[in-house]
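Per-entry structural report
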Amino acid sequence: MENLGVVFALLGAALAALLAGTGSAIGVGRTGQAAAGIVTEDPSKFGKVLILELLPGTQGIYGLIIAFLTLSNIGILGGNPNISIAKGLLYLMACLPIAIVGLFSAISQANASVSSMGLLSKRPDQFGKSMIFPIMVETYAILALLVSILSVNAINGMNI
Amino acid sequence: MAKNLYPYAVARIRSKELSLLNSSMMDQLIGAKTEEDCLNLLAGKGWDTESGVDKMFASEQKKTWDLLSELVSDLSVFNVFLLKNDYHNLKAAIKLRCTNTSMPSVYILNGTVPVEKIQAAVEKSQWDLLPEEMQSPAQEAFEALLHTRDGQLCDFILDKACLCAIEKAGKASDTEAIREYAERTVAAADIKIAVRALHTGKPLSLIESSLAPCDSLDTDRLAKAATQSEEAIFDVLSTSRYADAIDSLRESPSAFESWCDNLIIRKIRKELYNPFTLGPLAAFLIAKETELKSVRILLSGKRNGMPEDFIRQRMRELYVV
């Protein structure tokens with residue numbers, strides 16, 4: 001029971017990497033299929049569709065950053081992994097924004113990217129505009145990342 | 001879930017939509033002086049015009065189905081578009097047997113049931129060789145033609161069976177574009193049957209048995225109206241979602257034919273903005289078929305020296321603008 005704090009914190013780190021990474025994997029997989037379809041018909045569009053394909057991959061990186069910060073703060077990566085249950089629960093809560101927002105925003109961003117690829121296939125000159133639509137979804141993943149970073153860092157300095 | 005999204009297929013179709021004829025190309029075709037000029041323009045668009053007009057259409061159709069077979073592992077999802085070919089083949093086989101003639105060129109090869117199978121079923125009167133829903137109408141149509149020698153009665157039976165099969169296939173589909181196509185096709189055919197029956201003075205019992213069930217049309221009222229007057233038919237249509245068919249029906253039969261095709265094209269146009277599902281694939285297929293129909297009319301008009309306005313009136317709306 002006395003190590004339950006670490007268990008909760010580790011669960012938070014795992015969820016951040018797991019859910020955000022799953023979202024990115026689904027998203028990049030989906031955009032990858034659409035990108036392959038575009039390149040089958042017009043190989044010259046490879047560079048452009050590759051950028052659109054990679055956009056939903058960022059959420060997985062954000063999840064990894066939070067997981068890494070949490071693991072580092074709780075001492076799993078070196079130090080004394082001994083924190084209170086309350087602190088462990090706080091870490092778990094801090095990881096949830098990027099875990100959940102990362103999962104759903106990556107899938108939504110993939111859908112927007114696939115639509116943008118449709119635009120790109122018909123109007124290659126509109127590449128800049130076609131990038132904007134999926135990037136708008138990124139805003140919410142970044143907001144969730146910020147909340148998670150601020151929370152994880154703030155919890156580290158708390159004395160509970 | 002992801003399996004039914006078809007992102008690869010839709011992305012390829014988005015690129016292929018660029019090869020469909022757009023309005024400026026259609027204007028050029030209509031403005032061309034001769035059929036030969038039209039064929040030259042089509043050749044520039046990648047159409048195979050060198051082997052003759054009939055082969056050109058067959059080749060374009062084959063290209064579309066080859067593309068779809070690359071994109072979808074099970075082509076039976078598009079059966080709704082091929083059912084009319086099956087029933088055409090069945091009709092041809094029955095008529096050829098009853099008249100004891102042979103004419104292999106009348107068959108359409110692209111159907112859900114192989115032509116040989118239909119021929120064998122009709123030749124041996126072995127109806128169980130056919131798919132279940134074709135067996136009973138095939139036997140009924142064959143016996144009707146054999147006993148009455150009335151080709152029109154045979155057509156009525158098989159046309160209705162075809163429409164019922166399209167309606168059933170549409171309802172079974174989870175793709176909106178296919179459901180819309182089936183519903184609008186059946187409704188348009190019912191309206192056409194009602195108008196034709198009125199002009200030829202068919203009895204109510206025959207009209208009722210010819211109209212296929214359709215959710216968006218009150219077929220009982222339509223059948224009764226078809227025994228009364230054109231205005232009675234218009235009255236039935238005015239209370240349905242096909243009220244704007246009235247103007248085209250007043251204008252001419254060919255205007256109504258155009259209206260039927262345009263209705264479907266307008267309904268499926270939203271698939272241009274749908275990045276997932278089978279909808280854009282089905283829409284592309286419908287768009288290509290409608291495009292081929294327009295080009296057929298156009299070439300025939302040019303061949304017969306029809307004026308531009310005459311041809312333009314008969315052109316169908318385009319899927320891509």
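Keep in mind the model is a prediction, meaning the values are calculated, not measured.

Topic: the overall build of chain B
Counting secondary structure elements, chain B contains 16 helices and 0 strands. Against the compact-globule benchmark of 20 Å for 321 residues, chain B has a radius of gyration of 20 Å, which places it among compact chains. Dimensions of chain B, computed from the C-alpha atoms along their principal axes, are close to 55 × 45 × 45 Å. The burial tally for chain B puts 39% of its 321 residues in the buried class. Sequence-distant contacts in chain B: of pairs separated by 6 or more residues, those separated by 24 or more amount to 61%.

Examining the overall build of chain A
When helices and strands are tallied, chain A shows 5 helices and 0 strands. Scanning chain A from its N terminus toward the C terminus, one meets helices and strands in the order α-α-α-α-α. C-alpha atoms of chain A, sized along the principal axes, occupy 60 × 20 × 20 Å. Counting over 160 residues, chain A shows a buried share of 51%.

So, the environment of Phe 78 of chain B
Residue and element names in this part refer to chain B. If you trace the backbone, Phe 78 turns up in the loop between helix 4 (53-71) and helix 5 (83-98). In sequence terms Phe 78 and Glu 308 are 230 residues apart; their C-alpha atoms lie 35 Å from each other. With near-sequence residues (within four places) excluded, Phe 78 lies in contact with Leu 68, Ala 282 and Leu 285.

Concerning the nonpolar core
The biggest cluster of nonpolar side chains holds 119 residues, and the ones touching the most others in it are Ala 16, Tyr 91, Cys 95 and Ile 98 of chain A together with Leu 281 and Ala 282 of chain B. If sequence neighbours within four positions are ignored, Cys 95 of chain A has contacts with Gly 12, Ala 13, Leu 15, Ala 16, Ile 66, Thr 70 and Ser 148 of chain A. Core analysis: the next-biggest nonpolar cluster, separate from the first, contains 9 residues, Leu 39, Leu 42, Val 295 and Ile 311 of chain B among them.

Some details on the packing of helix 9 (residues 176-200) of chain B against helix 15 (residues 279-303) of chain B
All names here are of chain B. Packing of helix 9 against helix 15 brings their axes to within 7 Å, and their N-to-C directions diverge by 40°. Relative to helix 15, helix 9 is oriented oblique. Contacts between helix 9 and helix 15 involve Glu 176, Ala 177, Ile 178 and Tyr 181 on the former and, on the latter, Gly 279, Ala 282, Ala 283 and Ile 286. By residue class, the composition of the contact of helix 9 with helix 15 is 6 nonpolar, 1 polar and 1 charged.

Observations concerning the domain arrangement of chain B
All names here are of chain B. In terms of domains, chain B is made up of domain 1 (21-40 + 50-72 + 278-321), domain 2 (79-166) and domain 3 (174-269). Taking only C-alpha atoms, the centre of domain 2 and the centre of domain 3 are 24 Å apart. Listed as interface residues are 6 residues of domain 2 and, on the opposing side, 9 residues of domain 3. Here the side of domain 2 that touches domain 3 is composed, by residue class, of 5 nonpolar, no polar and 1 charged.

Calculation criteria
- Counting of residues starts from 1 at the beginning of each chain's written sequence and follows it residue by residue.
- Each chain is given a letter, starting from A, and each ligand a number, starting from 1, according to the order in which they appear as written.
- Owing to the predicted nature of the model, reporting of local features is limited to residues with pLDDT of at least 70; listing and counting of side-chain atom pairs is limited to 80 or more, with chain, interface and lining totals taken over all residues.
- Labels follow the DSSP assignment, with helices taken as runs of H or I lasting at least four residues and strands as runs of E lasting at least two, numbered in each case from the N terminus.
- C-alpha atoms define the radius of gyration, and 2.2 Å times the number of residues to the power 0.38 defines the globule rule.
- Exposure classes come from backbone-placed C-beta atoms, where a residue is buried if 20 or more other C-beta atoms lie within 10 Å of its own, exposed if 12 or fewer do, and partly exposed in between.
- A pair of residues counts as a contact when their C-beta atoms, built from backbone coordinates, are within 7 Å of each other.
- When buried Ala, Val, Leu, Ile, Met, Phe, Trp, Tyr and Cys residues are joined through C-beta atoms within 7 Å, the set is termed a nonpolar core.
- The axes are straight lines fitted to the C-alpha atoms, using for helices just the contacting stretch, and the angles between their N-to-C directions are given from 0 to 180°.
- Angular relationships are summarised with four words: roughly parallel below 35 degrees, roughly antiparallel beyond 145, roughly perpendicular across 65 to 115, and oblique for the angles in between.
- As a working rule, the residues Ala, Val, Leu, Ile, Met, Phe, Trp, Tyr, Cys and Pro are called nonpolar, Asp, Glu, Lys and Arg charged, and the rest polar, with Gly in that last group.
- For every domain, the bounds stem from an assignment made automatically or drawn from a database.

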